[in-house]
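Chain and residue survey
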Amino acid sequence: MRQKRSNISIRFYILTTVIVLVSISLLTVFFASFFFVKRKLTNRIIDSVNEDSKRICDDIRESGMQEFMSQGKLYYEVEESAKNKDGRIMIVSRDYHILQDTDESHTDCLIINKKIMNVMTGKTSVSIRQIDGIVEIITPITTDSGVAGVVISNASLYEANMGLLKQFITIGIVILIVLAVDILIIIRIARGAVGDLEDINEQMTHAVQGNLQERLTDQRFSETQEFADNFNEVLSKLSTIDQTRSEFVSNVSHELKTPITSMKVLAESIVENEGADVEDYKEFMSDIVDEIDRETKIINDLLALVKTDSQNNQMNFEESDINGMMETIVKTVIPLAKQRSIDISYEGYREVVAEVDVVKLSLAISNLVENAVKYNIESGWIRCSLNADHRYFYIKVADSGVGIPDDAKDKVFEKFYRVDKARSRDTGGTGLGLAITRNIINAHRGTIKLYSESGKGTTFTVRIPLRQKAKAQDMLKAEETSAEVKTEVKEA
């Protein structure tokens, strides 16, 4: 037993996929923007601290280190600069003594580290680093005699980062609200996108249950509209097939019932007519035999129709003399034509040898020629001909008969269809001959065309390929190749 595969819903797939993509996109933009703004803000603070440090260094260089120590104005400027940056500034002399510390905790103390020494000795022009949310910049105080000291400026990034974080928290809340709205919109879109498919699926369920009359209405999307149009066309064809099947069953029942009813009436007449003589019995029995023959012909035609159906037809193609076949068919029909003084002739324009199922094709052409006799006028004519080119051979059967009305030309190949039902029964027709003929010609990959005018005769033209086996061999070879590929894939 084939295990049923677990599938996911298209709506769920669209919903989750779009939500994930939108979420990833929003989060990517959010964090990328956050780090970009944070970096830009940090660089701005560093630039500001660096400018203040250079300004202080310039002021000290202009006034001189000794003068700086005695001027309270410069002390005040340093204090204000450190306060504005929420940081700390230390002035360090050439002998590594802290001359001023805005924190007032290390004034007159010594401070030595590698970075200060690198700046003091000129190995590094300016030292900039970030430590635990603090920016530290070491700037040299240069004079004509060299480096007289350094300015160590620290600035806290905490307030700036907290302000930035608060802003982005607000932005994050807005993004979540936008995401929630997007999710609702996506759910709506997913429901709308899948809604058409659900309608189509529901209609398919109805069709499986036997309702072939309903049709899908206009869809919102071009893809589902095209699918709906194709599905409606399939439903129309299925409905036509179902209707044809019902009509076929009804016609078969009617055609088989008619001879049986006639035989029953004749038999009852014999039983009820106690005073009938032998001649009467013979007449009744002769009529019963005629009805049995009619019943037999209907059954034989039905069997032939089933055997020549394109889906079940088993063809025995072999090279055959089409000229000989046509001559045999015409000779067989000549006695029937003579009974009505109909002149029948055959003309073969060239010798034709083709790959055909000669038994079935003889049946198809015989139906055409016999119909030309049955539906002809008294003392009429029938012209049969055979011709060919490098690919096809052509058979033409023309008569001077009653013709076929325009409204019946598309129906004459349908099962049990008769142009003139009364005349058809008189001539013994079952309405299956042309359907059998068309099936046989289709099985030969051929075509049959009809040209007729009411009261002016009818012409049937048949075209059949000269070669059949080439295509069959190609198809067989393709199937063998496909089977070999499948085997190799399985083995791999």
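Look up a bit, the structure's there.
What this report covers is the structure whose coordinates are included nearby. Here the structure is a predicted model, which is why all the values come from computation and not from measurement.

For the rest of this paragraph, the subject is a positive patch on the surface. Taken together, Arg 391, Arg 445, Lys 449 and Arg 463 make up a surface patch of like positive charges. The partly exposed category is assigned to Arg 445, whose relative accessible area is 35%.

Judged by pairing direction, the sheet is mixed, and its five strands sit side by side in the order β7-β9-β10-β12-β11 without closing on themselves. Of all the strands in the sheet, the pair left with one neighbour each is β7 (343-348) and β11 (447-452). Ignoring which end each strand starts from, the neighbouring axes of this sheet average 10 degrees apart. Of the pairings in the sheet, the one linking strand β10 (residues 392-399) to strand β12 (residues 458-465) comprises seven bridges and is antiparallel in character.

Here we take up the packing of helix α9 (residues 358-374) against helix α11 (residues 433-443). Where α9 meets α11, the closest approach of the two axes is 9 Å, and the angle between their N-to-C directions is 140 degrees. The way α9 lies across α11 gives a crossing that is left-handed. Counted together, Lys 360, Leu 361, Leu 363, Ala 364, Asn 367, Leu 368 and Asn 371 of α9 and Gly 433, Leu 434, Ile 436, Thr 437 and Ile 440 of α11 form the full contact between these two elements. Looking at the contact of α9 with α11 residue by residue, the classes come out as seven nonpolar, four polar and one charged.

Bringing the pairing of strand β4 (residues 134-143) into the picture now. Among the ten residues in β4, seven count as buried, and that is most of the element. Remark: two residues form the turn of the hairpin made by strand β3 (residues 127-131) and β4, two consecutive strands paired antiparallel; Asp 132 in that turn has positive phi of roughly 50 degrees. Two strands pair when backbone bridges link them, and β4 and strand β5 (residues 146-156) are joined in this way by ten bridges, in the antiparallel orientation. Looking at the pairing, Ile 137 lines up with Ser 153 of β5.

All told, the structure shown has one cavity of 30 Å³ or more when counted by the stated rule. For the largest cavity, the calculated volume is near 50 Å³. Every residue lining the largest cavity is listed: Val 49, Asp 52, Ser 81, Ala 82, Lys 85, Ile 89, Ser 153, Asn 154 and Ala 155. Secondary-structure elements contributing two or more residues to the lining of the largest cavity are α1 (10-63), α3 (72-84) and β5. In terms of residue count, β5 provides more of the lining of the largest cavity than any other element does, three residues in total. By residue class, the composition of the lining of the largest cavity is four nonpolar, three polar and two charged.

What follows deals with α11. Burial within α11 is extensive, with eight of its eleven residues counted as buried. Three or more residues of α11 are buried, namely Leu 434, Ala 435, Ile 436, Thr 437, Asn 439, Ile 440, Ile 441 and Ala 443. Phi for Arg 445, located one or two positions after α11, is positive at around 60 degrees.

Taken together, five strands build an open sheet; the order of strands is β2-β1-β5-β4-β3 and the sheet is antiparallel. Edge positions in the open sheet fall to β2 (98-101) and β3, since each of these has one partner strand only. Between one strand and the next, the sheet's axes are offset by a mean angle of 15 degrees, whatever the strand orientation. Bridge analysis of strand β1 (residues 87-93) against β2 gives three bridges, and the strand direction is antiparallel. In the sheet register, Ile 91 faces β2, and the bridge partner there is Gln 100. Across the face of the sheet, α1 comes into contact with β1, β3, β4 and β5 while running at roughly 25 degrees to β4.

Here we come to the packing of aromatic side chains. In this structure the tally under the stated criterion is four aromatic pairs. The interplanar angle of 80 degrees and the centroid separation of 5.2 Å between the aromatic rings of Phe 30 and Phe 31 together place this pair among those described as edge-to-face. Classification of Phe 30 as buried rests on a relative accessible area of 17%. By relative accessible area, Phe 31 is classed as partly exposed at 43%. Arranged with centres 5.6 Å apart and planes meeting at 70 degrees, the rings of Phe 30 and Phe 168 form a pair that is edge-to-face. Placement of Phe 30 in helix α1 and of Phe 168 in helix α5 (residues 158-208) is noted, with a sequence separation of 138 residues between them. Each member of the pair, Phe 30 as well as Phe 168, is classed as buried. Three or more aromatic residues joined by ring pairs make a cluster, and in this case those are Phe 30, Phe 31, Phe 34, Phe 35 and Phe 168. Across from the ring centre of Tyr 392, 4.2 Å away, lies the NZ or CZ of Arg 463, which sits over that ring.

If you trace the backbone, Gln 225 turns up in helix α6 (residues 222-272). We classify Gln 225 as buried; its relative accessible area is 19%. Sequence separation of Gln 225 and Asp 196 is 29 residues, and the distance between their C-alpha atoms is 8.7 Å.

Core analysis: the largest hydrophobic core is formed by 37 residues, its most contacted members being Ile 322, Ile 365, Phe 393 and Ile 395. When contributions to this core are tallied by element, the ones reaching two or more residues are α8 (322-338), β8 (353-356), α9, β9 (381-388), β10, α11, β11 and β12. When residues in this core are grouped by element, the largest group, seven residues, is from α8. Not counting the four nearest positions on each side in its chain, Ile 322 is found in contact with Val 352, Ala 354, Val 356, Leu 386, Phe 393 and Ile 395. One finds Met 90, Ile 116, Ile 138 and Ile 152 within the second-largest nonpolar core, a separate group that totals eleven residues.

This brings us to the environment of Glu 453. By the secondary structure assignment, Glu 453 is in the loop between β11 and β12. The exposure class assigned to Glu 453 is partly exposed, which follows from its relative accessible area of 47%. What Glu 453 contacts, discounting residues up to four positions off in sequence, is Val 402, Gly 403 and Ile 404.

Looking now at unusual backbone geometry. Located in the positive-phi region is Tyr 96, a residue other than glycine, with phi close to 70 degrees. Take Tyr 96: it is sitting in the loop between β1 and β2. The exposure class assigned to Tyr 96 is buried, which follows from its relative accessible area of 14%. A positive phi angle, near 60 degrees, is found at Ser 341, a position not held by glycine. Topologically, Ser 341 is positioned in the loop between α8 and β7.

Rules used throughout
- The residue numbers shown here count from 1 along each chain, following its written sequence.
- Local features in this predicted model are restricted to residues of pLDDT 70 or higher, and side-chain atom pairs are both shown and tallied only at a pLDDT of 80 or more, whereas totals for entire chains, interfaces and linings draw on every residue.
- Processing note: side-chain calculations cover all non-hydrogen atoms of the structure and skip hydrogens and water entirely.
- Only residues above 30% relative accessible area that lack a salt bridge enter a patch, with like-charged residues linked at up to 9 Å and the nonpolar side chains Val, Leu, Ile, Met, Phe, Trp and Tyr linked at up to 5 Å.
- Reported accessibility uses the Shrake-Rupley method at a 1.4 Å probe radius. Residues are deemed covered only where the shown protein chains occlude them.
- When a carboxyl oxygen of Asp or Glu is within 4 Å of a side-chain nitrogen of Lys or Arg, the pair counts as a salt bridge.
- When charges are counted, neither His nor the chain ends are considered; positive counts come from Lys and Arg and negative counts from Asp and Glu.
- Taken as the charge location is NZ of Lys, CZ of Arg, CG of Asp or CD of Glu.
- Burial classes: relative accessible area under 20% of the type maximum marks a residue as buried, over 50% as exposed, and values in between as partly exposed (1.4 Å probe, protein chains only).
- Any two strands with at least two DSSP-identified bridges between them are counted as paired.
- For helices the rule is a DSSP run of H or I covering at least 4 residues; for strands it is a run of E covering at least 2, with both sets numbered from the N terminus onward.
- Lines fitted to C-alpha atoms define the axes, with helix axes restricted to the stretch in contact, and inter-axis angles between N-to-C directions lie between 0 and 180 degrees.
- Rotating anticlockwise by less than a right angle from the far helix to the near helix defines a left-handed crossing, while the corresponding clockwise rotation defines a right-handed one.
- Every residue pair with non-hydrogen atoms within 4.5 Å of one another is taken to be in contact.
- Ten residue types, Ala, Val, Leu, Ile, Met, Phe, Trp, Tyr, Cys and Pro, are classed as nonpolar, four, Asp, Glu, Lys and Arg, as charged, and the remainder, Gly among them, as polar.
- Lining residues are those with an atom within 4 Å of a point, where the points come from a 1 Å grid over the protein atoms alone and group into cavities, where a 1.4 Å probe fits but cannot get out, or pockets, open sets with protein on both sides within 12 Å along at least five of seven lines.
- Grid points are joined across faces, edges and corners, and a volume is the space filled by probe spheres set on the points.
- Geometry of aromatic contacts follows a simple scheme: Phe, Tyr and Trp rings, the Trp one being its six-membered ring, pair when their centres are within 6.5 Å, and the pair is stacked under 30 degrees between planes, edge-to-face over 60, tilted otherwise.
- Note on geometry: a ring has a charge over it if NZ (lysine) or CZ (arginine) is within 6 Å of the ring centre and within 35 degrees of the ring normal.
- The term nonpolar core refers to a set of buried residues drawn from Ala, Val, Leu, Ile, Met, Phe, Trp, Tyr and Cys, joined through side-chain atoms within 4.5 Å.

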